[in-house]
Amino acid sequence: MQPKVMMKKKNISASKASLILFLCQIVSALDVPLDSKLLEELLQPPTITQQSPKDYIVDPRENIVIQCEAKGKPPPSFSWTRNGTHFDIDKDALVTMKPNSGTLVINIMNGGKAEAYEGVYQCTARNERGAAISNNIVIRPSRSPLWTKEKLEPNQVREGDSLVLHCRPPVGLPPPIIFWMDNAFQRLPQSERVSQGLNGDLYFSNVQPEDTREDYICYARFNHTQTIQQKQPISVKVFSTKPVTERQPVLLTPTGSTSTKVELRGNVLLLECIAAGLPTPVIRWIKEGGELPANRTFFENFKKTLKIIDVSEADSGNYKCIARNTLGSAHHVISVTVKAAPYWITAPRNLVLSPGEDGMLICRANGNPKPDISWLANGVPIAIAPEDPSRKVDGDTIIFSHVQERSSAVYQCNASNEYGYLLANAFVNVLAEPPRILTPANKLYQVIADSPALLDCAYFGSPKPEIEWFKGVKGSILRGNEYVFHDNGTLEIPVAQKDSTGTYTCVARNELGKIQNEVQLEVKDPTMIIKQPEYKVIQRYGQVSFECIIKHDSTLLPTVIWLKDNDELPDDERFLVGKDNLTIMNVTDKDDGTYTCIVNTTLDSVSASAVLTVVAAPPTPAIIYARPNPPFDLELTGQLERSVELSWVPGDENNSPITNFVIEFEDGLHEPGVWHYQTEVPGTQTTVQLKLSPYVSYSFRVIAVNEIGRSQPSEPSEQYLTKSANPDENPSNVQGIGSEPDNLVITWESLRGFQSNGPGLQYKVSWRQKDVDDEWTSVIVANVSKYIVSGTPTFVPYEIKVQALNDLGYAPEPLEVIGHSGEDLPMVAPGNVQVHVINSTLAKVHWDPVPLKTVRGHLQGYKVYYWKVQSLSRRSRRHVEKKILTFRGNKTFGMLPGLEPYSSYKLNVRVVNGKGEGPASPDKVFKTPEGVPSSPSFLKITNPTLDSLTLEWGSPTHPNGVLTSYILKFQPINNTHELGPLVEIRIPANESSLILKNLNYSTRYKFYFNAQTSVGSGSQITEEAVTIMDEAGILRPAVGAGKVQPLYPRIRNVTTAAAETYANISWEYEGPDHVNFYVEYGVAGTMASRQVDIATQGWFIGLMCAVALLILILLIVCFIRRNKGGKYPVKEKEDAHADPEIQPMKEDDGTFGEYSDAEDHKPLKKGSRTPSDRTVKKEDSDDSLVDYGEGVNGQFNEDGSFIGQYSGKKEKEPAEGNESSEAPSPVNAMNSFV
């Protein structure tokens, strides 16, 4: 398919030779640095950054969003075509275009019909520099039709015969997923004998008596509309005949002996063979004339299905399936042809040119059949586009010569064949810009002496500026071999010395201007360890010290770290770390090991190590244990090209037996003075056969080892020079990783000198772009372990190999490794960002993954930035604290926990690769619903009187919504701390105080106080207070008098005189007259009480007798009813508590009905249940996993992600409280089996 009418290919009359000469003269396009300030200032034609997929299936119940985002300078304007003609959105009230965007929103939810908007849409983004176009976006609403009514006859099958149960699902868009279940919603078991085919039919290779059942049900799940359709149950009855006849295999599908199949490149190839027979046949697959592709071949459905992923043209051929049992076999050959929709070999890339420069756009694609290439300019076929004298078209290439600013345009390359098309936009941007230096002024660089120094001078200009470097304010231009000038403006000093310190000036100039920038270089003295730790042998329980004295640059601050066996020092007070030493007190056997002193500065690091050997104290002074004496009299015999025999005489053991000998060698030709480990042998052995490498001048020495330690090395043996040969091995650890978006850095570990096997060691570095029919490009280098390939496309795979060679020839053919050219920042932001608010503190964000080709690097994941904008209850803004959540890999959703209720939030999503973050998606605003408030900030009780108390309170610190009222509950507390009846009062939300009247005198009350929103009640605050005893101590003020303080009574000098049956109590009283006195008394050890014991009161005794009589009468009545066989309303109870496993089923179409709160619909088995009043307990946490794990609306997966359930409706009415109490529908339950 093509987005525009194909134009005829236009030939260029120039000769082939002159064309090649012209291409050789083309100047490479300018590279625009990724500097945000620079990019904002430069004019740029439009670039499409985001668009909907070519084949866009939409939900007919939701608004249709057709994406089209573009960038450019100035910002582009947008227009659309529908079915090839202009689409005037202003004439359709249901269609709107997002501000500063080309994205269309078709409002289906306000009465529109999705079918009315089917068609082919194309977006154009245009500014003064050109016009870019999107792909053709085909809009089709999804469809999930009902099952066709049919009368199904029962299947009666003889045991051992084959059987096929046809599903024949309704044709939907996209096609449904098929599965078979029974009436209990259990998946029907499948095996080599019984399995489901790719077409959805259920195949029985042979039936058995246990296959008899009446509920074979085929289900079709339409994912796009989240619905499941059910076929009428199919009945199967198996009747037995003795004996059961065995049969050889016969293929049920496919039929005949041969068939054909066409598949597209890159798709998954599925081939199926299902056979009948008894015993059950076994299926085997082969490819005629070849092997099944390794690592891409999988067998499914008990080997009845052959699956090959990522197919290519090489997978074409004949595939044979063979069904075999003990009686014979049957086979079928499927001829597979792999075609290919167009795919890019070289997609056109944007060109940034200076006036008068030359360039070209190349558009190369492949496919089967070979695709046709056509060009458009600003969305118009180039044959009818305005003429441009600087432009010439030659098939898949457009050549530009002597361009001018008016040559700026956007070109479209269309590659199409019968299986699809590719459309790429590439602009030509002609800029005339004076030089700019992007490196910050006076930037300071610090390096260590004798190491390289790299001074940056990032620049841009059009034409490309020339760069010159000067040292000092009036210094001369820098030239010569002591400097390296890089194309990106960087000055490299390969070996910086102390006199290299100073100011360096970078000057950039072109015909439009000149600019300069200064940077500073400081060269520091290297850090050195001038006194290194030394080998120590210490007796157990002794003390040892290691020295580490350093010398460093005075401007650098060093840090010293000590390690034991390359790990941290033990956390033991015996280890004392000083400024220049490490001391170990009371040494034990576990202190034995290697101790390393590491010195770090901000610029360098050095280290030195020493071994500590701990030995036991000698039992008697007469025996001295020591390291052995060195071996002597080394002799070489049996010299061959690749081996030699070494013998020696051991030295004195010094009272500790020699456990082994260590043999070392020196390569006097390549590394004189450096000794390498060769091998070691047991202490009883004094000869060894040594393997040698070519072109090495060997000397050997031997070291003896006992429990005390190692001897001094022996004297070296005589030298032995081996003959030269080809290298035996290639460099290891070959890697290809780009350091810049347009290069590939190939690195390897060089061979050591003795591995070269001969003089003239070099490396042949070869590379080619993967999946492109290119030849290998090779260079031969020496004395390096790195090679940089420039001018590569951004982040494409390369095949790489590095082969060693010397003057005698090449090493064996090396293995190929896969590397990638440099990453660049992602180009586009994730689209279709949607937020689903789950509750007041939790939300789920979804986004569409960005196309992998726009990631331009290794996809590491997505970052979600979100922040609170304001609280909806207080309408107050605060400092924005952005939070970041990272979701690894190619996830397209995530949970946002810890949100504040009743608040407005914003978020955006960015894709992350190894280079960094891509652009942010447009900010998405979402709001959290109300929650329950926090407790009131305080509750004070003042002004107690005889029958009233005054309550004052503060509003909740976190209202979490709009307060609707306050709830006050209180109850009296008697002297035994028993609680009286509870009284509840609802108070308007705008009140902050209340006077409680008509209370009991001298009574303690407990108060419970909380606030409410529309969601529910918040946590409560409690207080206690006491009303005063009575009014006797209160003087009533005269009429018109001011406020008088009350006078309270005073009692003192209380005395008692106790007798056998009574007590005399006396006291002194001061206070008002006419008061009553109350005496409280009690038995010692109990709480005092002034109340009379009610157990001795007549009224209480009478009440208890009446209660006992009533209970007796009830028992007699129950006994009589039972003896008479009286019936209890069990049936009514059963109806009231219906079996939750009973599922409603619509009778008209056989599909699942949705669950509702009506009496005739019951929840599914194992479904969540909620209280009948549809409320949620306050004690339950709003974020509890119980609400998600087995709850109504969904569940959490193992990785913490939220799994929505399928249901016929999008929303339910919210229940009281924070969470919905909706029960799951049968469709939801069905989804768990698929």
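Note that the coordinates shown come from a computational prediction; the quantities given were computed from them, not determined experimentally.

Undergrad: What am I meant to see in the overall build of the protein here?
TA: What the protein contains, in helices and strands, is seven helices and 89 strands. Burial status across the protein gives 41% buried among its 1234 residues. Considering only contacts within the protein whose residues lie at least 6 apart along the sequence, 65% involve residues at least 24 apart. Of the roughly 67,600 Å² of accessible surface on the protein, 51% is carried by carbon and sulfur atoms.

Undergrad: Where do I start with the confidence of the model for the protein in this structure?
TA: Predicted coordinates in areas of low pLDDT are best not read in detail. This prediction gives the protein a mean pLDDT of 83; 83% of its residues lie at or above 70. Contacts from residues 1-28, a stretch scored under 50 in pLDDT, to residues over four places away or in other chains number 53 contacts. Predicted confidence is poor over residues 1032-1048, with pLDDT under 50, and the contacts of this stretch with residues over four places away or in other chains come to 15 contacts.

Undergrad: Where do I start with the sheet that holds strand β22 (residues 269-272) in this structure?
TA: Pairing between the strands of a sheet comes from backbone hydrogen bonds, and it takes one of two forms, parallel or antiparallel. Taking strand neighbours across the sheet as the criterion, the three strands line up as β22-β26-β25 in an open arrangement whose pairing is antiparallel. The two strands at the open ends of the sheet, each matched to only one other strand, are β22 and β25 (297-300). On average, each strand axis in the sheet is inclined to that of its neighbour by 20 degrees, with strand direction left out of account. Direction of pairing for β25 relative to strand β26 (residues 305-308): antiparallel, over a ladder of four bridges. In the sheet register, Phe299 faces β26, and the bridge partner there is Leu306.

Undergrad: Would you take a moment to explain the packing of aromatic side chains for this structure?
TA: The geometry of an aromatic ring pair is captured by two quantities: the separation of the ring centres and the angle between the planes. On inspection of all chains with the given rule, the structure shows 20 aromatic pairs. Ring geometry for Trp648 and Phe661: centres 5.4 Å apart, planes at 65 degrees, overall edge-to-face. Separated by 13 residues along the polypeptide, Trp648 in strand β58 (residues 643-649) and Phe661 in strand β59 (residues 660-667) bring together distant segments of the chain. The same class applies to Trp648 and to Phe661, which are both buried.

Undergrad: So what exactly am I meant to see when it comes to the pattern of salt bridges here?
TA: Pairing between side chains becomes possible if they bear opposite charge and their charged atoms approach one another. Summed over the entire model, instances satisfying the criterion amount to 38 salt bridges. Salt-bridge contacts for Asp161 lead to Arg247; the nearest nitrogen and oxygen are separated by 2.6 Å. Taken together, the residues span a long stretch of sequence, with Asp161 in the loop between β12 (155-158) and β13 (163-165) and Arg247 in strand β20 (residues 247-253) at a distance of 86 residues. Lys498 is the partner of Asp525 in a salt bridge, and the nearest nitrogen-oxygen pair spans 3.6 Å. With Asp525 in the loop between β46 (513-524) and β47 (528-531) and Lys498 in the loop between β44 (491-493) and β45 (502-510), this residue pair connects regions lying 27 residues apart in the sequence. Given a relative accessible area of 34%, Asp525 falls into the partly exposed group. Several salt bridges converge on common partners, so that one network encompasses Arg158, Asp161 and Arg247.

Undergrad: Sorry, what's going on with the pairing of strand β60 (residues 671-682) here?
TA: Two faces belong to every sheet, and in a regular strand the side chains alternate between them. The sheet contact formed by β59 and β60 spans eight bridges and is antiparallel. Paired with Ile663 across the two strands is Thr679, which belongs to β60. Hairpin connection, β59 to β60: the antiparallel pair is bridged by three residues.

Undergrad: Explain the side chain of Ser142 to me, please; I cannot follow it from the model alone.
TA: Relative to the assigned elements, Ser142 resides in the loop between β11 (137-141) and β12. Contact partners of Ser142, with chain neighbours within four places excluded, come to Ile57, Val58, Asp59, Pro60, Leu173, Pro174, His224 and Thr225.

Undergrad: What should I look at first to understand a nonpolar patch on the surface in this one?
TA: On the surface, Leu1109, Leu1112, Ile1113, Ile1116, Val1117, Phe1119 and Ile1120 cluster together to form a nonpolar patch covering roughly 660 Å² of accessible area. Residue position: Leu1109 is located in helix α4 (residues 1098-1123).

Undergrad: What am I meant to see in unusual backbone geometry here?
TA: Peptide bonds are trans in most cases, and residues, glycine excluded, mostly fall at negative phi. Here the residue pair Thr253 and Pro254 is connected by a cis peptide bond, since its omega of -5 degrees sits within 30 degrees of zero. On the secondary structure map, Pro254 appears in the loop between β20 and β21 (258-264). Residue Pro369 is reached from Asn368 by a cis peptide bond, and omega for that bond is 5 degrees. Within the secondary structure, Pro369 sits in the loop between β31 (364-368) and β32 (372-377). In this model, Asn757 sits at a positive phi of 65 degrees, which is unusual for a non-glycine residue. Of note, Asp771 is a non-glycine position whose phi angle comes to about 65 degrees, a positive value.

Undergrad: Whenever I open this one, the sheet that holds β45 confuses me. Can you help?
TA: Strand order in the open sheet formed by four strands is β39-β46-β45-β42, and the pairing between neighbours is mixed. The open sheet has two edge strands, β39 (443-448) and β42 (466-471), and neither has a second partner. For this sheet, the mean angle separating the axes of adjacent strands, direction not counted, is 25 degrees. Two strands pair when backbone bridges link them, and β39 and β46 are joined in this way by six bridges, in the parallel orientation. Following the sheet pairing, Leu444 is matched in β46 by Gln520.

Undergrad: Which parts of the structure should I look at to understand the environment of Ser656?
TA: Looking at where Ser656 falls in the secondary structure, it is placed in the loop between β58 and β59. Once the C-alpha coordinates of Ser656 and Arg627 are considered, the two residues, 29 residues apart in sequence, prove to be 7.6 Å apart. In this structure, Ser656 is in contact with Tyr625, Ala626, Asn706, Glu707 and Ile708, ignoring residues within four places of it in sequence.

Analysis parameters
- Here the residue numbers are simple positions, counted from 1 along each chain's written sequence.
- In keeping with the predicted nature of the model, local features appear solely for residues at pLDDT of at least 70, side-chain atom pairs appear and are counted solely at 80 or more, and the whole-chain, interface and lining totals rest on all residues.
- Side-chain metrics rest on all non-hydrogen atoms present in the structure, leaving aside hydrogens and water.
- Counting from the N terminus, the helices are DSSP H or I runs at least four residues long and the strands are E runs at least two residues long.
- Partly exposed residues are those whose accessible area sits between 20% and 50% of the maximum for their type, while under 20% is buried and over 50% is exposed, using a 1.4 Å probe and protein chains only.
- Residues count as neighbours in contact if any of their non-hydrogen atoms are within 4.5 Å of one another.
- Computed with a 1.4 Å probe, the accessible areas rest on the Shrake-Rupley method; for each residue, only the protein chains presented here act as cover.
- Confidence scores here are pLDDT values: one per residue, from the predictor, ranging 0 to 100.
- Strands pair, by our definition, only if DSSP identifies at least two bridges between them.
- Angles run from 0 to 180 degrees between N-to-C directions of axes, and those axes are lines fitted to C-alpha atoms, restricted for helices to the stretch in contact.
- By convention, a stacked pair of Phe, Tyr or Trp rings (six-membered ring in the case of Trp) has centres within 6.5 Å and planes under 30 degrees apart, an edge-to-face pair has planes over 60 apart, and any other such pair is tilted.
- In the sections that follow, a salt bridge refers to a side-chain nitrogen of Lys or Arg positioned within 4 Å of a carboxyl oxygen of Asp or Glu.
- What goes into a patch is any residue over 30% in relative accessible area without a salt bridge, connected to like charges within 9 Å or, for nonpolar side chains (Val, Leu, Ile, Met, Phe, Trp, Tyr), within 5 Å.

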